[in-house]
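# Working through the structure, step by step
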Amino acid sequence: MLKLYYAPGTCSLASHIALAEAGVDYEAQRVNMAATEQRSDAYLAINPKGRVPVLITDEGVLSETVAILAYIAQRWPRAKLAPLDDAFAFAELQSFNAYLASTVHVAQAHVVRGTRWADDPAALEAMKAKAPSNIIDCFTLMETKMFKGPWVMGEGYTVADPYLFTVSNWLDRDKIDRTQFPKLNDHFERMKARPAVQKVLAEVNA
């Protein structure tokens with residue numbers, strides 16, 4: 001059986017939802033990051049990066065959200081979570097997810113995890129002060145240029161949708177009004193209504 005290591009409030013939510021959407025059997029194992037469980041010897045033996053998500057499969061261990069989402073979409077094609085028969089469309093999907101991972105997530109991490117980049121208190125405060133404008137720039141670009149609608153890639157729901165939902169979910173924490181992005185806000189609300197999303201959120205927030 002698949003085993004997903006996750007933590008509330010992290011990007012692991014995207015993989016968690018994708019597994020639920022694929023309709024496969026899996027075990028979800030919570031990692032207590034407040035107790036630094038991710039830095040324990042036992043966890044580092046599974047993922048030396050000390051982060052979530054991690055997906056244990058019959059083939060081996062996968063980390064990184066973009067890779068796990070692509071694996072889920074390709075491993076269970078009947079779920080139709082990616083345009084697997086169109087190389088260009090699949091690359092577009094990967095491009096969107098890569099942007100979420102490399103740019104949007106990083107911009108949001110500067111709010112709460114600035115110590116990854118600096119130790120000086122003044123530098124940390126400067127990063128925290130700059131982060132909201134960077135986040136708004138990211139969401140503005142997605143709203144106006146990248147999001148096709150009604151789902152990320154257009155008419156078809158894909159693994160990009162739970163990933164966008166995950167980073168959109170952090171806007172409240174970042175104290176950014178999501179309603180200034182009408183298309184993305186509509187997407188966020190529709191995502192919340194999906195049974196798989198409700199199932200996972202209930203589990204994560206329990």
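Report follows, based on the coordinates. (Residues numbered from 1 in each chain as written. Predicted model: local features only at pLDDT ≥ 70, side-chain atom pairs only at ≥ 80, totals over all residues. Heavy atoms only, no water.)

Sheet architecture is open: four strands sit in the order β2-β1-β3-β4, paired in mixed fashion. Every other strand in the sheet has two partners, leaving β2 (26-30) and β4 (61-63) as the edge strands with one partner each. Strand-to-strand twist of the sheet, defined as the mean angle between neighbouring strand axes without regard to direction, takes the value 20 degrees. Bridge count between strand β1 (residues 2-6) and strand β3 (residues 54-56): three bridges; the pairing is antiparallel. From the neighbouring strand, Leu4 faces β3, where its bridge partner is Leu55. Docked against the sheet, helix α3 (residues 65-75) engages β3 and β4, running at close to 125 degrees with respect to β4. (Pairing = 2+ DSSP bridges. Helix = DSSP H or I, 4+ residues; strand = E, 2+ residues; numbered from the N terminus. Axes fitted to C-alpha atoms, helices over the stretch in contact; angles between N-to-C directions. Contact = heavy atoms within 4.5 Å.)

Here is the idea: a disulfide is a covalent bond, and it sits between the sulfur atoms of two cysteines. Inspection of every chain in the model, using the stated rule, returns zero disulfides. No disulfide involves Cys11; its sulfur sits 15 Å from that of Cys138, the nearest cysteine. (Disulfide = S-S within 2.5 Å.)

A few words now on the side chain of Asn47. With respect to the helices and strands, Asn47 occurs in the loop between α2 (41-46) and β3. Among residues more than four places away in sequence, those in contact with Asn47 are Val54 and Ser63.

Bringing the environment of Lys128 into the picture now. When you line up the elements, Lys128 lands in helix α5 (residues 121-146). For Lys128, a relative accessible area of 42% gives the class partly exposed. Counting along the chain gives 16 residues from Lys128 to Val112, while the straight-line C-alpha distance between them is 7.7 Å. Those residues in contact with Lys128 that sit more than four places away from it in its chain are His110 and Val111. (Buried < 20%, exposed > 50% of the residue type's maximum accessible area, 1.4 Å probe, protein only.)

Moving on, we get to the pairing of β2. Direction of pairing for β1 relative to β2: parallel, over a ladder of five bridges. When the bridges of β2 are listed, Leu4 appears paired with Ala28. On the question of chirality, the crossover connecting β1 to the parallel β2 by way of helix α1 (residues 12-22) is right-handed. (Right-handed = clockwise from strand over helix to strand, strands pointing away.)

This part takes up the packing of aromatic side chains. What the rule picks out here adds up to five aromatic pairs. Between Tyr5 and Tyr43, the aromatic rings sit 5.7 Å apart at their centres with planes inclined by 70 degrees, giving edge-to-face as the arrangement. Of the two residues, Tyr5 sits in strand β1 while Tyr43 sits in helix α2, which places them 38 residues apart along the sequence. Judged by its relative accessible area of 11%, Tyr5 falls in the buried class. Assessed through its relative accessible area of 3%, Tyr43 is described here as buried. Between Phe165 and Phe188, the ring centres sit 4.9 Å apart and the planes meet at 25 degrees, which makes this aromatic pair stacked. Residue Phe165 is located in helix α6 (residues 160-169), and its partner Phe188 is located in helix α7 (residues 182-192); the two are separated by 23 residues in the primary sequence. Residue placement shows Arg178 over the ring face of Phe188; its charged tip is 3.9 Å from the ring centre. (Phe/Tyr/Trp six-rings, centres within 6.5 Å; stacked < 30°, edge-to-face > 60°. Lys NZ or Arg CZ within 6 Å of the ring centre and 35° of its normal.)

Its 26 residues place the ends of helix α4 (residues 87-112) 37 Å apart at the C-alpha level, agreeing with the 38 Å of an ideal helix rising 1.5 Å per residue. A bend of about 35 degrees at His105 is the largest found in α4. (Expected span 1.5 Å × (residues − 1). Bend = angle between axes of the 7 residues up to and from the residue.)

It is worth stressing that arrangement in space is one thing and function is another; only the former is reported here.
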